[in-house]
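# Working through the structure, step by step
Residue strings, one per chain:
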Amino acid sequence: MMQTDLRLIGSGSSPYTRKLRAALRYRRIPYRFVVAGSEEQKALPERPLPLMPCLVFPDADGEPTDPMSDTTPILNRLEDDFPERSLRPADPALRLIDALIEDYGDEWLSKCMFHYRWAFAPDTKKASSYMPYGHMISMPPSAGMQFEKSIAERQISRIGVVGSNETTAPVIEASWSRFVSLFDEHIQSQAYLLGNRPGAGDFGCYGQMTMLVITDPTPMQIALDISPRAYAWTEKLDDISGLEVSDSDWIDLNHPPATLRKLLDEVGRVYAPFLLANAASVEQGLEQVECEIDGRPWVQDPFPYQAKCLRWLREQYATLPNASRETVDATLAGTGCDALFAAS
Ligand SMILES: N[C@@H](CCC(=O)N[C@@H](CS)C(=O)NCC(=O)O)C(=O)O
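Read on for an overview of the structure. Just so we're clear, the structure is a prediction, and the values are computed from it rather than from any experiment.

Definitions and cut-offs
- Residues numbered from 1 in each chain as written.
- Predicted model: local features only at pLDDT ≥ 70, side-chain atom pairs only at ≥ 80, totals over all residues.
- Heavy atoms only, no water.
- Phe/Tyr/Trp six-rings, centres within 6.5 Å; stacked < 30°, edge-to-face > 60°.
- Helix = DSSP H or I, 4+ residues; strand = E, 2+ residues; numbered from the N terminus.
- Buried < 20%, exposed > 50% of the residue type's maximum accessible area, 1.4 Å probe, protein only.
- Lys NZ or Arg CZ within 6 Å of the ring centre and 35° of its normal.
- Contact = heavy atoms within 4.5 Å.
- Polar contact = N/O pair within 3.5 Å; in protein donor to acceptor, adjacent residues only side chain to side chain.
- Pairing = 2+ DSSP bridges.
- Right-handed = clockwise from strand over helix to strand, strands pointing away.
- Axes fitted to C-alpha atoms, helices over the stretch in contact; angles between N-to-C directions.
- Expected span 1.5 Å × (residues − 1).
- Arc of directions from axis to C-beta.
- Parallel < 35°, antiparallel > 145°, perpendicular 65-115°, else oblique.
- Left-handed = near helix turned anticlockwise from the far one by under 90°.
- Nonpolar A, V, L, I, M, F, W, Y, C, P; charged D, E, K, R; others polar.
- Near = heavy atom within 4 Å.
- Areas by Shrake-Rupley, 256 points an atom, 1.4 Å probe, with all protein chains shown as cover.

## Considerations on the packing of aromatic side chains
Applying the stated criterion across every chain, the model contains 12 aromatic pairs. With 4.8 Å between their ring centres and 80° between their planes, F183 and W233 make a pair best called edge-to-face. Pair noted here: F183 is in helix α8 (residues 169-186) and W233 is in helix α11 (residues 228-237), with a separation of 50 residues, a long-range link. Comparing F183 with W233, the two get one shared label, buried. Three or more aromatic residues joined by ring pairs make a cluster, and in this case those are Y104, W176, F179, F183, W233 and Y271. Positioned above the aromatic ring of F33, the side-chain terminus of R21 is 4.7 Å from the ring centre. Over the ring of F57 we find R77, and its NZ or CZ is 3.6 Å from the ring centre.

Okay, here's the thing in structure tokens:
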């Protein structure tokens, strides 16, 4: 029998893997989960990037021969290959707002995730001590402890790349609490960020929230104190394959809920200034990104991938039909996100 299931290579402790796995489930796209580093992975082609997740698509014979990395382009390809239960809204204006929220989840909430996990001792201890066994359940305890040490050392050495340091810690921590509170308020009137069906933005935020809201002790307690609703939401999004949706479940951007505006204000408050300063640093070949975010200094290594994220958003904005561009401009006016598209 021809086997056309996709192969998802990743790990349950990888937020981006969780993003993609939950999206596949919601979209009712058949897949098999292959634990990164397992024997089963060895039978599959090499990953294009040394990152999790990787999705391997079947060729015409049903053989899993075509691997792809990076969840944002993977979701795009899945939109082309599987039209039902689309994650990206058909309305171009809403589609851009969804892409912006996806990017905020992927690239800003990941800063929160990385910061809490690798800068707070109890969070580091928990993550690094269970992760080794996720790769191999019956690993001997001595090897597990060795692996634990190397995971923690490796991740802590990369903390600067993501932008977590003493200067940025207060900005990141304040943004996490604010996000949870705004998120809670927003989903009181609709189940997902852009209506009563999830978009790519929901899964972008969800991926990081699997760690921030329901796994890592420090941000989890903060989230639970502010929003038990966010805890329930995150648990639920893991598998919403049974949810029935229709086109009318998306919000109308001409009459958006007031809470969407507040969320976009938050994206514009923290993520937009970072994206702009980072892209400028990458372009000018500077050694550091230095800017002000939320009235405080921000400093980190330039992050070339996140300069690409800004480029993708701008390319999408540039293709908007005039009426959609007006809707996007009106939605983003004064949020700070408008600066992302001001010069394009
Ligand atoms: N932009 C990528 C990011 C993927 C990513 O950073 N994955 C992390 C795990 S969540 C990773 O593989 N880090 C390197 C490692 O753990 O070896 C995506 O959307 O898939």
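## Details of the side chain of S14
Structurally, S14 can be placed in the loop between β1 (6-10) and α1 (15-27). A residue is classified by how much of its surface remains accessible, and S14, at 8% relative accessible area, is buried. Setting aside its immediate chain neighbours within four residues, S14 contacts M52 and M211.

## A few points about the side chain of T17
Structurally, T17 is set in helix α1. Judged by relative accessible area, which is 0%, T17 ranks as buried. At 2.7 Å, the side chain of T17 and the side chain of S14 are in polar contact. Once residues within four sequence positions are removed from consideration, T17 is found in contact with L8, G10, S11, F33, M52 and P53.

## Section: the pairing of strand β2 (residues 31-35)
Pairing between β1 and β2: 5 bridges, direction parallel. For L8, the partnering residue across the bridge sits in β2 and is F33. As a crossover connection, the stretch from β1 through α1 into β2 is right-handed.

## Looking at the sheet that holds β1
The strands that make up a sheet are held in pairs by hydrogen bonds between backbone atoms, and each pair lies either parallel or antiparallel. On the basis of which strands lie adjacent, the open sheet formed by 4 strands has the order β2-β1-β3-β4 and mixed pairing. Edge positions in the open sheet fall to β2 and β4 (64-69), since each of these has one partner strand only. On average, adjacent strands in this sheet sit at an angle of 25° to one another, irrespective of strand direction. One ladder, built from 3 bridges, connects β1 with strand β3 (residues 54-58); its direction is antiparallel. Directly across from L8, in β3, lies its bridge partner L55.

## Thoughts on helix α12 (residues 258-284)
Relative to the 39 Å expected for 27 residues at 1.5 Å per residue, α12 spans 38 Å between its end C-alpha atoms, a close match to the ideal helical length. The positive-phi residue at the C-terminal boundary of α12 is G285, with phi of around 65°.

## So, helix α10 (residues 217-226)
T218, P219 and A223 are the residues of α10 that are buried. Taken around the axis of α10, the buried residues stretch over an arc of 130°, which confines them to a single face. Where α10 is buried, its residues contact α4 (92-119), α5 (121-135), α8, α9 (200-212) and α11.

## Section: the packing of α1 against α9
Helix packing geometry: the angle between the two helix axes and the distance between the axes. Between α1 and α9, the least distance of the axes is 7 Å, while the angle of their chain directions is 125°. As far as their axial angle goes, α9 and α1 are oblique. In this structure, α1 meets α9 at a crossing whose hand is right-handed. On the side of α1, the interface is formed by P15, Y16, R18, K19, A22, A23 and Y26, while α9 contributes F203, G204, Y206, G207, Q208, T210 and M211. Of the residues belonging to the contact of α1 with α9, the class tally is 8 nonpolar, 4 polar and 2 charged.

## Side note on the environment of T215
Mapped onto the secondary structure, T215 falls in the loop between α9 and α10. It is 8.9 Å that separates the C-alpha atoms of T215 and D123, two residues lying 92 residues apart in sequence. Ignoring any residue separated from it by four or fewer positions in sequence, one finds T215 in contact with R117, K126, Y130, T210 and M220. Polar side-chain contacts of T215 include one of 2.6 Å to the backbone oxygen of T210.

## Quick word on the environment of Y16
Turning to its location among the elements, Y16 is positioned in helix α1. Judged by its relative accessible area of 24%, Y16 is partly exposed. The spacing of Y16 and E173 is 157 residues in sequence and 21 Å in space, taken between C-alpha atoms. Setting aside its immediate chain neighbours within four residues, Y16 contacts M52, P53, T71, D106, E107, S110 and Q208. Within the local environment of Y16, its side chain forms a polar contact with the backbone oxygen of D106, the two atoms lying 2.5 Å apart.

## A few points about the site of the ligand
All residues adjacent to the ligand are S14, P15, Y16, P50, L51, M52, P53, D70, T71, R154, R158 and Y305. Here the ligand has 510 Å² of accessible area as a free molecule, and 81% of this is covered by the chains. Classifying every residue of the shell around the ligand gives 7 nonpolar, 2 polar and 3 charged.

Scope: geometric values only; no functional claims are made or implied.
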